[in-house]
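Breakdown of the fold
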Amino acid sequence: MGIRFVLMVNKQGQTRLAQYYEWLTLEERRALEGEIVRKCLARAEQQCSFVEHRNYKIVYRRYASLFFLVGVDNDENELAILEFIHLLVETMDRHFGNVCELDIMFHLEKAHFMLEEMVMNGCIVETSKSSILTPVQLMDKTS
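Residues numbered from 1 in each chain as written. Predicted model: local features only at pLDDT ≥ 70, side-chain atom pairs only at ≥ 80, totals over all residues. Heavy atoms only, no water.

The condition is simple: UniProt positions are given in the numbering used here, feature names are shortened, and annotations may be inferred rather than shown by experiment.
As recorded in an unreviewed UniProt entry, the protein chain goes by the name AP complex subunit sigma, listed as coming from Rubroshorea leprosula. According to its UniProt record, the protein chain has this under Sequence similarities (unreviewed entry): "Belongs to the adaptor complexes small subunit family." As its UniProt record puts it under Subcellular location (unreviewed entry), the protein chain is described as follows: "Endomembrane system".

1. Observations regarding the side chain of Asp 103
Heads up, the condition is: Only DSSP runs of H or I reaching four residues or more are called helices, and only runs of E reaching two or more are called strands; each is numbered from the N terminus. Burial status follows relative accessibility: with a 1.4 Å probe on protein chains alone, a residue under 20% of its type maximum counts as buried, one over 50% as exposed, and anything between as partly exposed. Only four residue types enter the tally: Lys and Arg on the positive side, Asp and Glu on the negative side, with His and both chain ends excluded. When a carboxyl oxygen of Asp or Glu is within 4 Å of a side-chain nitrogen of Lys or Arg, the pair counts as a salt bridge. Each polar contact in these results corresponds to two N or O atoms within 3.5 Å; when the atoms are within protein, one needs to be able to donate a hydrogen and the other to accept it, and residues that are neighboring in sequence are counted only if both atoms are side-chain atoms. We call two residues in contact when some of their heavy atoms are within 4.5 Å.
The topology assignment puts Asp 103 in helix H3 (residues 101-106). Put simply, Asp 103 is tucked away with no salt bridge, and the nearest opposite charge, on Lys 110, sits 9.1 Å away. Reaching out from Asp 103, the side chain makes a polar contact with the backbone nitrogen of Cys 100 at a distance of 3.1 Å. Once you skip the residues sitting within four places of it in the chain, Asp 103 turns out to touch Phe 96, Asn 98 and Leu 108.

2. Comments concerning the sheet that holds strand S3 (residues 50-53)
For sheets, the rule is that strands pair by backbone hydrogen bonds, running either parallel or antiparallel. For the record, the criterion: Here the rule is simple: two strands pair whenever DSSP picks up at least two bridges between them. Here an angle of 0 to 180 degrees is reported between the N-to-C directions of two axes, which are lines fitted to C-alpha atoms, with helices fitted over the stretch in contact.
Judged by pairing direction, the sheet is antiparallel, and its five strands sit side by side in the order S2-S1-S5-S4-S3 without closing on themselves. Looking along the sheet, the strands with just one partner apiece sit at the ends: strand S2 (15-20) and S3. Within the sheet, the average angular offset between the axes of one strand and its neighbour, ignoring direction, is 20°. Where strand S1 (residues 3-10) and strand S5 (residues 66-72) come together, seven bridges link them in antiparallel fashion. Following the sheet pairing, Val 9 is matched in S5 by Phe 67. Contacts between helix H1 (residues 26-41) and the sheet are confined to S1, S2, S3, strand S4 (56-63) and S5, with S3 contributing the most and set at about 140° to the helix.

3. Topic: the pairing of S2
When S1 meets S2, the two strands line up antiparallel, connected through five bridges. Looking at the pairing, Val 9 lines up with Thr 15 of S2.

4. Focus: the packing of helix H2 (residues 78-96) against helix H5 (residues 129-142)
As a reminder, the rule being used: Handedness of each helix crossing follows the sense of rotation of the near helix against the far helix: counterclockwise by less than a right angle gives left-handed, clockwise gives right-handed. Ten residues, namely Ala, Val, Leu, Ile, Met, Phe, Trp, Tyr, Cys and Pro, are considered nonpolar, four, namely Asp, Glu, Lys and Arg, are considered charged, and the remaining ones, Gly among them, are considered polar.
For the pair H2 and H5, interaxial distance at closest approach is 10 Å and the crossing angle is 35°. Seen from above, H2 lies across H5 with right-handed handedness. Contacts from Leu 87, Glu 90, Thr 91, Arg 94 and His 95 in H2 reach Lys 129, Ser 130, Ile 132, Leu 133, Val 136 and Asp 140 in H5. Looking at side-chain class alone, the contact of H2 with H5 contains four nonpolar, three polar and four charged residues.

5. Description of the packing of helix H4 (residues 108-118) against H5
Two elements in contact, H4 and H5, have axes separated by 9 Å at closest approach and are oriented at 145°. For H4 against H5, the interelement crossing comes out right-handed. Two secondary-structure elements touch here, H4 through Lys 110, Phe 113, Met 114, Glu 117 and Met 118 and H5 through Ser 131, Ile 132, Leu 133, Pro 135, Val 136, Met 139 and Asp 140. Among the residues forming the contact of H4 with H5, the class breakdown is eight nonpolar, one polar and three charged.

6. So, the pattern of salt bridges
Following the criterion strictly, the structure yields eight salt bridges and no others. Between Glu 22 and Arg 4 there is a salt bridge; the shortest N-O distance is 3.3 Å. Here the residue Glu 22 occupies a position in the loop between S2 and H1, and Arg 4 occupies one in strand S1, the gap between them amounting to 18 residues. When its relative accessible area of 18% is taken as the criterion, Arg 4 is described as buried. Here the salt bridges do not stand alone but share partners, grouping Arg 4, Glu 22 and Asp 73 into one network.

In structure tokens, the structure reads:
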């Protein structure tokens, strides 16, 4: 399948956005998020951005006050996922103008919509920023 989940977490470990592409109960999600966030936030900046946890490979990157964590299958290309994270941030930057934690909090539906335009059923389906943002801009015009 590829991508199993995408998380956006602040420096305090609070989840700001969570999107899962496999079914997990709420308790399993909470436990998984807690374990992964503690593991990734405890790492030094000099360490690599890849962590193995349970049956997932976690690829993460920090942008300002937000950590973007993506859980993938063990056979997934880590560098491609880092590029995906960068594309997600650049797309949000283009829409919000230097995306920050507050943008995600106050426009959660737009952040989810952008992610849904990029990933379908755990597979990256769109990488064009303009194609991703066109429906979001149309929604802005109608509201």
